[in-house]
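Take a look at the letters that make up each chain.
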Amino acid sequence: MKKKIAIFCGNISTYHCPFFKKLSKKIDIIVFFGSDLNVKPEYNSEHNTVISYDSDNLLRGYKYKFLKNYFDSPFRRGFLSRINLSLPYEIWKTKPTHIIIYGYDTLSSWILLFSGKIFNIKIIWRGEAIGGRKNSFLKSLFKKILLKFFFNFCNYILYACKQNYDYLVNYNNNKKMHFFPCSVDNDYFKSLYYINMNKVEHIKKKYNISNEKILILFVGRITKRKNVIGILKSYNLLSEYYKNKLEIIIVGSGKEKDDLINYSKINKLNVKFLEFL
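Here the residue index of a chain counts from 1 through its sequence in written order. In keeping with the model being predicted, local features are shown solely for residues with a pLDDT of at least 70 and side-chain atom pairs are shown and tallied solely at 80 or more, while totals for entire chains, interfaces and linings include all residues. In computing side-chain properties, one takes all heavy atoms of the structure into account and sets aside hydrogens as well as water.

**Student:** Quick rundown of unusual backbone geometry? Include the residues and the values.
**Tutor:** Residues other than glycine seldom take positive phi values, yet asparagine 120 does so here, at roughly 55°. For lysine 268, which is not glycine, the phi dihedral falls at a positive 50°. Numbering goes from the N terminus for both helices and strands, where a helix is a DSSP run of H or I of at least four residues and a strand is a run of E of at least two. Looking at the secondary structure, you find lysine 268 in the loop between helix H11 (257-266) and strand E12 (271-274). Per-residue accessibility, obtained with a 1.4 Å probe over protein chains only, is compared with the maximum for each type, and a residue is labelled buried under 20%, exposed over 50%, and partly exposed between these values. Residue classification places lysine 268 among the exposed residues on the basis of a relative accessible area of 76%.

Laid out in structure tokens, this is it:
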């Protein structure tokens, strides 16, 4: 039987959409998005700024459909943030051989899990959850029971890194687990490089970036989970000789940014902080 894959993803993402494009060149796929988050410019509390994604490019090259979401909240987080009641009908109509579910933390993920079992469709799960959060005994026990139940219905479980594996192996048979690393569309970023390479010197001059030093660049949201402070603490451990050979540039914003700026000032570190460009 010719393979056909139905994919459920909570919203468009720069991490996932390029993979959908690549996959669609090999296999017949359709992507169901649980909400229209990131399609239009919206304020992001973690980035502490308005984020605008290249949604036209992210949605180009594969079949997709935005499903009606029966939850309407500006935060769009939590178990009830994706309630897509049409998922069983869409699965029945498209008749895929496999289903890929991104995440387990929304009601729609569970709806799709049960739909796959009812229609006898193989289920592939993908997520990047890692350990580290401290929960109460009862909450941990409840979570373990639920996730073991969830993963018991999955045929394949994809993990992205060692921490991801170490977390997931607590809830399922590791024989189901397969390595699937995070990725980006290198061809797309190479094309941007060739388009913008003539602007490099102008950008360096504009932001007073050294041509002599080795640059260490971080771009993204500045939150505790990203552990940007680890870069600064490591830098601070170096001797003055090596410090003078490096320049650190941190581009982005977030809740931890002020703490990083204060740490840099206190320790007299040569760090440039830039907003999103």
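**Student:** Provide a residue-level description of the packing of helix H3 (residues 87-94) against helix H4 (residues 107-118), including the pertinent values.
**Tutor:** For helices, the axis comes from a line fit to the C-alpha atoms of the stretch in contact; other axes are also lines fit to C-alpha atoms, and the angle between any two N-to-C directions lies between 0 and 180 degrees. Contact pair H3 / H4: the axes reach a minimum separation of 9 Å and the direction vectors enclose 40°. Here H3 lies oblique to H4, going by the angle between them. As H3 runs across H4, the sense of the crossing is right-handed. From H3, Leu87, Pro88 and Ile91 reach across to H4, where they touch Ser108, Ile111, Leu112 and Ser115. If an angle is under 35 degrees, it is roughly parallel; if it is over 145, roughly antiparallel; if it lies from 65 to 115, roughly perpendicular; otherwise it is oblique. In this scheme the handedness of a crossing depends on how the near helix is turned from the far one: anticlockwise by less than a right angle means left-handed, clockwise means right-handed. The contact criterion used throughout is that any non-hydrogen atoms of two residues lie within 4.5 Å.

**Student:** How would you explain the sheet that holds E12 if you had to name every residue and give the values?
**Tutor:** What links the strands of a sheet is backbone hydrogen bonding, and the strands pair in either a parallel or an antiparallel sense. If you trace the three strands from one edge of the open sheet to the other, you get E10-E11-E12, paired in parallel fashion. Each having just a single partner strand, strand E10 (214-219) and E12 make up the two edges of the open sheet. Neighbouring strand axes in the sheet, compared pairwise and without regard to direction, differ in orientation by 15° on average. One requirement defines pairing of two strands: DSSP has to find at least two bridges between them. In this structure, strand E11 (residues 246-251) lies alongside E12, joined through four bridges in parallel fashion.

**Student:** Report on the packing of H4 against helix H5 (residues 137-152), specifying residues and quantitative values.
**Tutor:** Between H4 and H5, whose axes approach to 10 Å, the crossing angle comes to 40°. By the angle between their axes, H4 is oblique relative to H5. Here H4 contributes Ser109, Trp110, Leu113 and Phe114 to the contact with H5, which in turn contributes Leu146, Phe149 and Phe150. Here the residues of the contact of H4 with H5 sort into six nonpolar, one polar and no charged. Any residue that is not Ala, Val, Leu, Ile, Met, Phe, Trp, Tyr, Cys, Pro, Asp, Glu, Lys or Arg is counted as polar, Gly included; the first ten are nonpolar and the last four charged.

**Student:** Quick one: what's the story with the packing of aromatic side chains, residue by residue and with numbers?
**Tutor:** Planes of paired rings set the category: under 30 degrees apart is stacked, over 60 is edge-to-face and the rest tilted, where pairs are Phe, Tyr or Trp rings (Trp by its six-membered ring) whose centres lie within 6.5 Å. What the rule picks out here adds up to 27 aromatic pairs. Considering the side-chain rings of phenylalanine 20 and tyrosine 62, the 5.7 Å spacing of their centres and the 75° angle between planes classify their relative orientation as edge-to-face. Linking phenylalanine 20 in helix H1 (residues 17-24) with tyrosine 62 in the loop between helix H2 (55-58) and strand E5 (63-66), this pair joins segments that are 42 residues apart in sequence. The same class applies to phenylalanine 20 and to tyrosine 62, which are both buried. Through pairs of rings, three or more aromatic residues link up here, namely Phe19, Phe20, Phe33, Tyr62, Tyr64, Phe66, Tyr102 and Phe180. Only when the NZ atom of a Lys or the CZ atom of an Arg is both within 6 Å of the ring centre and within 35 degrees of the ring normal do we say a charge sits over the ring. Looking at lysine 68, its charged tip hangs above the ring of tyrosine 70, at a distance of 5.0 Å from the centre. The cationic tip of lysine 95 hangs over the ring face of tryptophan 92; the distance from NZ or CZ to the ring centre is 4.7 Å.

**Student:** Give me the sheet that holds strand E8 (residues 156-159): which residues, what numbers.
**Tutor:** With respect to topology, seven strands assemble into an open sheet ordered E5-E2-E1-E6-E7-E8-E9, the strand pairing being parallel. Here the strands that pair on one side only, and so sit at the sheet edges, are E5 and strand E9 (177-179). Strand-to-strand twist in this sheet, taken as the mean axis angle between neighbours without regard to direction, amounts to 20°. By the bridge criterion, four bridges tie strand E1 (residues 4-9) to strand E6 (residues 98-102) in an arrangement that is parallel. Bridging across to E6, phenylalanine 8 finds its partner in isoleucine 101. On the sheet, H3 packs against E1, strand E2 (28-33), E5 and E6 and is oriented at approximately 170° with respect to E2.

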